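One letter stands for each residue in the lines below.
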Amino acid sequence: MTFSPEEATLPGPPILVQPASERGAQLDSEHVGDIRGGFGTIFMHDTGPRTRWSRLKTLLAILGPGVIVMVGDNDAGAFGTYTQAAQNYGTTLVWTLLLLIPVLYVNQDMVLRLGAVTGVGHARLILERFGKFWGAFSVIDLFILNGLTIVTEFIGLNLAFDYLGVAKFWGIGISALVIMASVSTGDLRRFERFALVLVFGSLLLVPVLLMSHPRVPQVAHDLFVPRFPANAPVADVMLLIIAIVGTTVAPWQLFFQQSYVIDKRITPRFIPYERIDLWLGIGLIIMGAVAMMAFTAVAFKGTPEYGHFKDAGAVATGIGLHIGRTAGVFFAVALIDACIIGAAAVSLSTAYAIGDVLSMRHSLHRKMSDAKGFYAVYFALILISAAVVLTPGAPLGLLTNAVQTLAGVLLPSATVFLLLLCNDKAVLGPWANDKKTNIFTSIVIAILVMLSVILTASVLFPAISAVHIFAILVGGSALALLMSLGARIIDARRGPKTQRPIPCTAADRKTWRMPPLDQLPPARLTVLDRTWLVVLRGYLIVAAGLVLVRIILLIVPRH
C-alpha cells in the first residue's frame, strides 16, 4: 500500500504523532487513494499549495458528505414533523430550528474530524474504545431505528405518489429499484452525482414558499422570538418539539457522515473544505424546514383542517387546494426526492456500520461481487421496508412521527459517545476537542436528556403543566451538577488519567492520522465518564420504553 505525503506518518511522542507503520487504521483498502468526487478529482499525491482557482476546484471535489447528510435528513419524517407543527400551531415553533443550527454543526464537525483523522467508522470506534456491550448496543440501536426510519421513507413515497395519482405498487417498486441501483455501480462518484442531483431537487420547496406569499415579518418574529402556542396542551407541544429535534439531529447522521468521509478518502488536510460543505448542507436543511413551516401555516390558517394534522399526503392536498395545484405537485415531487435521498443515506449508514464492526469490505468503490455482505445489508433494508409499506393493513398510522420522537430520545447516547471519542487523544491527537466545544456539547447533551425526561413525565402525567416542567428542569439540572461535582472530586484525588497534549504545528495537524486500532493504548475513562455511562444505560431503557407506551396510547384510540 502506498501513501501520499498527507498520509505519511511522522516519528515523535505517542499521543500526538503516530508511529511509523506500513498500514493505516482503515479497515478497507479501498478507503485509501484518490478523492474522486462528483465534481472533480484530487489525486493522492497532490499536496501542493492551493491558488484561488485551485481552492475552488478542491472544494467542488470535496463537496458531498455535508450536503448529502443534511439534505438527506430533511426526509419523510422531517416533512411530516415540520408540516404537523405548522398545520397545528402555525409558525410558533419555527424558533426551534434556529437553536438547532449550532447543534448540527458541532455534532457533524466532530464526526467529520473522526472520519478524516481515524479512517475508522463510528460503530467500530465505540466497540474498540468502550467494549463489546456498547459496540453491540450502538449497532443494534442503529439497525432498529434506521430500519423503522426507512419504512417511513417509503410511507412518504406512498403518500406523494397517491397525491400524484401513481399506483402504489409501481411508485414504491420503481423507487426501491432506483435507490438500490444508485449504489450498485461500484463507483462512489456515480452515487455522489446521483445524490447531488437530489440535493438540487430539494430546492423545489422554494417556489412553493414563493407561491404561498407568507407573512415574512411574522415568520421572522417567530424565528427569533421563542414562544409556545397559546392554549395548547404542554405535553403535546413537548412531544412535537422532541420530534423536531429527532428529525433535525438524528443518530444516523453521525454514522453516515463519518463513514462517507472515510469512503471518499478525505484526510485531515481537507477538513476546512469539508466544513464549508457542512455549512452549505446546514443552510439547505434550515431553509427547507423554515419554508415547509411557513407555506404550510399559510395553506391551513383559517381552514377547518387547521389544528388537525393527518399526514404529509393530506398536507399536499391542502397546499393544492389553498395555494394551487402546481404548488401541491411541487411539494409532492420534493417529498419523493427527499424520501429517495433519505432512504439511500440511512441504509448506507447501517451498511457502513455493520461492515465496520464485522470487518467486512464496505465501500462504494467496490462492486457488488467484491462486497457481498455490505450490499446485502443495504438491499435487505430497502426491500423489507418497501414490502412493509406494500403489505395491506400494515399499521403505518403515526409511525413517521413516532420514529422521529424515538430518535430524539436515543440521540443523547449517540452524542455522549461522540463527545468521549473526540476527547480521546489516542484517537484524535491534535484534532481532539477544545474546552469550548466540550462545554457546548455537554450543555447540548444535558438539554437533550432534559427534553427526554419531560417526554417521560408526559407519559406518566398527561396533564403536566409548565410549572411541573420547570421543576423537572431545575431538579434534573441540580442532580446532574451534584453528580458531576462528586465524580470530579474523586477523579482529582486519583490524579490525572490522560496524557497532557503536546504542542503541535499546523503541518502536524494536516498529516496526523490515528494509528492502527491494535496499536492504540486502552481507553482511559474517568469516574465521571463511567458514572454517566451507567446513568445513560438506565436512562435509555426507561425512556425508550415509555416512548413506546406513549406511541401506543396515541395509536389505540384511533382504532
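Residues numbered from 1 in each chain as written. Predicted model: local features only at pLDDT ≥ 70, side-chain atom pairs only at ≥ 80, totals over all residues. Heavy atoms only, no water.

Novice: Looking at this structure, how should I read the nonpolar core?
Specialist: Across soluble globular proteins, you tend to see nonpolar side chains buried next to one another. With 167 residues, the main nonpolar core has Phe154 and Leu364 as its most contacted residues. With 19 residues, the single largest contributor to this core is helix α15 (residues 325-357). Ignoring any residue separated from it by four or fewer positions in sequence, one finds Leu364 in contact with Val183, Gly186, Asp187, Leu188, Phe191, Tyr260, Asp263, Leu348, Tyr352, Phe374 and Tyr375. (Core = buried A, V, L, I, M, F, W, Y, C linked by side-chain atoms within 4.5 Å. Buried < 20%, exposed > 50% of the residue type's maximum accessible area, 1.4 Å probe, protein only. Helix = DSSP H or I, 4+ residues; strand = E, 2+ residues; numbered from the N terminus. Contact = heavy atoms within 4.5 Å.)

Novice: In this structure, what is going on with unusual backbone geometry? I would like to understand it.
Specialist: Most peptide bonds adopt trans geometry, and most residues besides glycine take a negative phi value. Positive phi values are uncommon outside glycine, yet Arg265 reaches one of about 75 degrees. Considering the arrangement of structural elements, one finds Arg265 in the loop between α12 (251-263) and α13 (271-300). The backbone of Ser359 sits at a positive phi, close to 55 degrees, despite the residue not being glycine. Within the secondary structure layout, Ser359 lies in the loop between α15 and α16 (372-390).

Novice: Hey, could you run me through the packing of aromatic side chains in this one?
Specialist: We describe a pair of aromatic rings using the distance from one ring centre to the other and the angle between the two ring planes. In the structure shown here, the tally under the stated rule is 13 aromatic pairs. Both rings, one in Tyr378 and one in Phe379, keep their centres 5.9 Å apart while their planes meet at 75 degrees; by these two values the pair is edge-to-face. Phe379 carries the same exposure label as Tyr378, and that label is buried. Members of the aromatic cluster, connected to one another through ring pairs, are Tyr352, Phe374, Tyr375, Tyr378 and Phe379. Directly above the ring of Trp431 sits Arg509, whose terminal nitrogen or CZ lies 3.8 Å from the centroid. (Phe/Tyr/Trp six-rings, centres within 6.5 Å; stacked < 30°, edge-to-face > 60°. Lys NZ or Arg CZ within 6 Å of the ring centre and 35° of its normal.)

Novice: Would you take a moment to explain empty space enclosed by the protein for this structure?
Specialist: Where empty space is left can be seen by rolling a probe of water-molecule size over the atoms. Enumeration over the complete set of coordinates arrives at seven cavities of 30 Å³ or more. Quantified by volume, the largest cavity comes out at close to 130 Å³. For the largest cavity, the lining is made up of 14 residues, of which Asn74, Ser202, Leu205, Leu284 and Gly288 are closest to its centre. Residues belonging to the lining of the largest cavity are distributed by class as follows: 10 nonpolar, three polar and one charged. (1 Å grid on protein atoms, 1.4 Å probe; cavity = no way out; pocket = protein on both sides within 12 Å on 5 of 7 lines; lining within 4 Å. Points joined across faces, edges and corners; volume = space filled by probe spheres on them. Nonpolar A, V, L, I, M, F, W, Y, C, P; charged D, E, K, R; others polar.)

Novice: Please clarify how helix α1 (residues 52-62) should be interpreted in this entry.
Specialist: The α-helix advances 3.6 residues per turn, and as a result positions three or four apart in sequence lie on the same side. Among all positions of α1, only Ser54, Thr58, Leu59, Ala61 and Ile62 are buried. The arc enclosing the buried residues of α1, seen along the axis, measures out at 160 degrees, which places them on a common side. Turned more than 90 degrees away from the buried face of α1, the exposed residues are Arg52 and Trp53. Elements in contact with the buried residues of α1: β1 (35-37), β2 (40-42), α2 (65-73), α8 (188-201) and α13. (Arc of directions from axis to C-beta.)

Novice: Explanation requested: α2 in the structure shown.
Specialist: By the criterion of burial, α2 is predominantly enclosed, with nine of the nine residues buried. Along α2, the positions that sit buried rather than exposed are Pro65, Gly66, Val67, Ile68, Val69, Met70, Val71, Gly72 and Asp73.

Novice: I'm lost on a nonpolar patch on the surface in this one. Help?
Specialist: On the surface, Val166, Phe169, Trp170, Ile174 and Val178 cluster together into a nonpolar patch covering about 500 Å² of accessible area. Turning to its location among the elements, Ile174 is positioned in helix α7 (residues 168-181). The class of Ile174 is partly exposed, set by a relative accessible area of 48%. (Patch = residues over 30% accessible without salt bridge, like charges linked within 9 Å, V, L, I, M, F, W, Y side chains within 5 Å. Areas by Shrake-Rupley, 256 points an atom, 1.4 Å probe, with all protein chains shown as cover. Salt bridge = Lys/Arg side-chain N within 4 Å of Asp/Glu carboxyl O.)

Novice: How should I be thinking about the packing of helix α9 (residues 205-212) against α15 in this particular structure?
Specialist: Angle between the axes and distance between the axes: these two values describe a pair of packed helices. The geometry of α9 relative to α15 is characterised by a closest axis approach of 9 Å and an angle of 155 degrees between their N-to-C directions. Of the possible angle classes, the one that applies to α9 and α15 is roughly antiparallel. Both α9 and α15 take part in a crossing whose hand is left-handed. Residues Leu205, Pro207, Val208 and Met211 of α9 form the contact with α15, whose participating residues are Thr326, Ala327, Phe330, Phe331 and Ala334. For the contact of α9 with α15, the per-class residue count stands at eight nonpolar, one polar and no charged. (Axes fitted to C-alpha atoms, helices over the stretch in contact; angles between N-to-C directions. Parallel < 35°, antiparallel > 145°, perpendicular 65-115°, else oblique. Left-handed = near helix turned anticlockwise from the far one by under 90°.)

Novice: Would you mind going over the side chain of Thr152 with me for this structure?
Specialist: When you line up the elements, Thr152 lands in helix α6 (residues 132-164). Taking relative accessible area as the criterion, Thr152 reaches 0% and is therefore assigned buried. Here Thr149 takes part through its backbone oxygen, which lies 2.4 Å from a polar atom of the side chain of Thr152. (Polar contact = N/O pair within 3.5 Å; in protein donor to acceptor, adjacent residues only side chain to side chain.)

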